[in-house]
Amino acid sequence: QKGGWDSFMDKEIHEDPTAVADTLLGRFNPNGDLNLDEVHIEPEVFRQIDKIIIVACGTASYAGFVAKYAIEHWVRIPVEVELAHEFRYRDPILTPRTLVVAISQSGETMDTLMALRHAREQGSRVLAICNTQGSSIPRESDAVLYTHAGPEIAVASTKAFVSQVVAAYLLGLYLAQVKGTMFRDEIHQVVESLKDMPRKIQWVLDTQTQTIARAAKSLITAKSFLFLGRHVGYPVALEGALKLKEIAYTFTEGFAAGELKHGPIALVEEGEPIVVIVPSSRGRDLLHNKVISSIEEVKARGAFVIAVAEEGDPDVDRYADVVFWRPTCPTLMSPLVDVVPLQLFALEMAKDKGLDVDKPRNLAKSVTVE
Ligand code: M6R
């Protein structure tokens, strides 16, 4: 069943490219326009949506957090991301024009299920993004957009994450199409970039694995890690940190790079490993330069910097101690590749520590209690 891999997690990370490709499959008309007839929500209803609230837990919530940046940019409506277990206790503002998107791999996460029940009671529509056909969350939602990642067995979610980002992006692009907030050509261009992502993820798997394994080995005794990112790199940092906590049992904190000077920089001491997600260096825009400044700040305090960066980024080469390279891609696509080395890094670290990577202690694959 592991298809020759040492663990399910190993196998599932290597299925990231297929999970992305399969989630894109069959969702376009021959003319290239998006076709989400399968969700059975009338385009007119979609047109009326004026706010999205994404509810999810753990990795699924980070996929939602990534999607927030894209959907707000494309559709120009507010997108909130809420941990499902916090949602109904804060008296959220829900109207019939609010679309609640429940993201879940298993479809059985009780916290997410309770959140969607609350949203429906308040009169909002709920669309599930789910990987498990016929599970409770899609059954209780008004509509469902399935991710086609295939069964995910390892407790740590990997291929589900990339497929959730893709499904949420498809939803965003569809909304942009029906609301007319983007030109048709623009949408087609984004779709082309999405279709290119499986190849780019494969490149990371084919070329970066050894560097990642070496880095994990050399850092096996590290007591803690910090993960930094900005913009879409921020939720990726949170996801990378979660992976390392849950399977390598290493104390890890992820935070927004801009937050460094507001407190976390006090944690940085000689040799502290810090993983930094670096945005595209093309044009060396503000986003890129800001993250490079964060690297300079932590380097100046003796940190050991591991960067995830675009191939050939000259600034990263100058400051980072180790680099996991990714191929060039538009900023909004980068989470799909940037998460892959972080998944592999956690896997290698856990393997080196002799841990059971598929079944980490104290955790269940789906959390069916509140
Ligand atoms: O099945 P779900 O996507 O609803 O699960 C949500 C979280 O419990 C899940 O992503 C959890 O955080 C994973 N163990 C992370 O790897």
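Bear in mind the structure is a predicted one, so any value in this text is a computation, not a measurement. What you see as residue numbers is a count from 1 along each chain, following the sequence as written. Thresholds applied to this predicted model are a pLDDT of at least 70 for local features of residues and 80 or more for the giving and counting of side-chain atom pairs; totals over whole chains, interfaces and linings are not thresholded and use all residues. Note that water and hydrogens are dropped before the side-chain values are worked out from all heavy atoms of the structure.

Engineer: Before we go on, may I ask you to explain the sheet that holds strand S8 (residues 273–277) in this structure?
Structural biologist: Think of a sheet as strands paired side by side through backbone hydrogen bonds, with each pair either parallel or antiparallel. Two strands are said to pair when DSSP picks up at least two bridges between them. Here a helix means four or more residues in a row that DSSP labels H or I, a strand means two or more in a row labelled E, and each is numbered from the N terminus. With parallel pairing, the five strands of this open sheet are ordered in space as S7-S6-S8-S9-S10. The sheet terminates laterally at strand S7 (251–256) and strand S10 (322–326), the two strands that pair on one side only. Across this sheet, the average inter-strand angle for adjacent strands is 15°, counted without regard to direction. Across six bridges, the pairing between strand S6 (residues 224–229) and S7 is parallel. Within S7, the residue paired with serine 224 across the bridge is phenylalanine 251. Pairs of residues are marked as contacts when any of their non-hydrogen atoms sit within 4.5 Å. Interaxial angles span 0 to 180 degrees and are taken between N-to-C directions of axes, which are lines fitted to C-alpha atoms, for helices over the stretch in contact. Along the sheet face, helix H10 (residues 233–248) touches S6, S7 and S8 and points at about 175° away from the line of S7. Most of the contacts of helix H11 (residues 286–300) go to S8, to which it runs at about 170°, and overall it touches S6, S8 and strand S9 (304–310).

Engineer: Is there a simple way to explain helix H13 (residues 334–352) in this structure?
Structural biologist: Note that an α-helix has 3.6 residues per turn; residues three or four places apart therefore point the same way. Across its 19 residues, H13 extends 28 Å between first and last C-alpha, which sits within 8% of the 27 Å expected from 1.5 Å per residue. Summarising burial for H13: 17 of the 19 residues are buried, a large majority. Glycine 354 sits one or two residues past H13 and shows a positive phi near 75°. To estimate the expected span of a helix, count its residues, drop one, and scale the result by 1.5 Å. Each residue is assigned to one of three classes by its accessible area relative to the maximum for its type, calculated with a 1.4 Å probe on protein chains only: buried under 20%, partly exposed between the two thresholds, exposed over 50%.

Engineer: Quick question: what am I supposed to make of the pairing of strand S2 (residues 79–83) here?
Structural biologist: A regular strand carries its side chains on alternate faces of the sheet. In this sheet, S2 lies alongside strand S1 (residues 51–56) in parallel orientation, the contact comprising five bridges. When the sheet's bridge partners are listed, isoleucine 54 is paired in S2 with valine 81. The definition of a right-handed crossover adopted here requires that, viewed with the strands pointing away, the path from the first strand over the helix to the second runs clockwise. A crossover connection joins S1 to the parallel S2 through helix H4 (residues 58–75); in handedness this β-α-β unit is right-handed.

Engineer: So what exactly am I meant to see when it comes to the site of the ligand here?
Structural biologist: Taken together, 14 residues form the shell around the ligand, and within it Ser104, Gln105, Ser106, Thr109 and Glu246 come nearest. Pairs of N or O atoms are called polar contacts if they sit within 3.5 Å, as long as, within protein, a hydrogen donor faces a hydrogen acceptor (for residues adjacent in sequence, only side-chain-to-side-chain pairs). With respect to the ligand, the side chain of serine 106 contributes an N or O atom lying 2.6 Å from an oxygen atom. In the model, an oxygen atom of the ligand is placed 2.8 Å from a nitrogen or oxygen of the serine 157 main chain. If you list the elements that add at least two residues to the shell around the ligand, you get H4 and H10. Any residue that is not Ala, Val, Leu, Ile, Met, Phe, Trp, Tyr, Cys, Pro, Asp, Glu, Lys or Arg is counted as polar, Gly included; the first ten are nonpolar and the last four charged. Residue composition of the shell around the ligand, by class: five nonpolar, seven polar and two charged. Distances are taken per atom, and a residue is near a molecule or strand as soon as one of its heavy atoms is within 4 Å of it.

Engineer: For this particular structure, what's the right way to read the packing of aromatic side chains?
Structural biologist: Ring pairs (aromatic) are described by centroid distance and by the angle formed between their planes. Two rings belonging to Phe, Tyr or Trp (six-membered ring only in the last case) form a pair when the distance between their centres is within 6.5 Å. Interplanar angles under 30 degrees mark stacking, angles over 60 mark edge-to-face geometry, and anything in between is tilted. Inspection of every chain in the model, using the stated rule, returns six aromatic pairs. Taking 5.7 Å as the distance between ring centres and 75° as the angle between the ring planes, the aromatic pair formed by phenylalanine 225 and phenylalanine 345 counts as edge-to-face. Of this pair, phenylalanine 225 sits in strand S6 while phenylalanine 345 sits in helix H13, placing them 120 residues apart in sequence. Of the two residues, phenylalanine 225 and phenylalanine 345, both sit in the buried class. Each member of the aromatic cluster is reached from another via a ring pair, and the members are Phe65, Tyr69 and Tyr234. Charge-over-ring contacts are defined here by two conditions on Lys NZ or Arg CZ: a distance within 6 Å of the ring centre and an angle within 35 degrees of the ring normal. Residue placement shows lysine 195 over the ring face of phenylalanine 28; its charged tip is 4.5 Å from the ring centre. A cation over an aromatic ring shows up here: arginine 361 above the ring of tyrosine 249, its NZ or CZ 3.9 Å from the ring centre.

Engineer: What exactly am I supposed to notice about the packing of helix H8 (residues 159–179) against H13 here?
Structural biologist: Packed helices, taken two at a time, are described by their axes: the angle between them and the distance between them. The geometry of H8 relative to H13 is characterised by a closest axis approach of 10 Å and an angle of 170° between their N-to-C directions. Between H8 and H13, the angle falls in the class roughly antiparallel. Listed contacts from H13 to Phe161, Val162, Val165, Val166 and Tyr169 of H8 are Pro335, Leu336 and Val339. Tallied by class, residues from the contact of H8 with H13 come to eight nonpolar, no polar and no charged. Orientation labels follow simple angle bins: below 35 degrees gives roughly parallel, above 145 gives roughly antiparallel, 65 to 115 gives roughly perpendicular, and whatever is left gives oblique.

Engineer: Would you mind going over the nonpolar core with me for this structure?
Structural biologist: The nonpolar side chains of a soluble globular protein tend to be buried, and buried together. In this structure, Phe46 and Leu127 are the most contacted members of the largest nonpolar core, which totals 98 residues. The element contributing the most residues to this core is H8, with 14 residues. Formed by 22 residues, the second largest nonpolar core is a distinct cluster that contains Ala257, Leu260, Val268 and Ala320. Residues enter a nonpolar core if they are buried and are Ala, Val, Leu, Ile, Met, Phe, Trp, Tyr or Cys, with the set joined through side-chain atoms within 4.5 Å.

That's the geometry; what it means functionally is another story.
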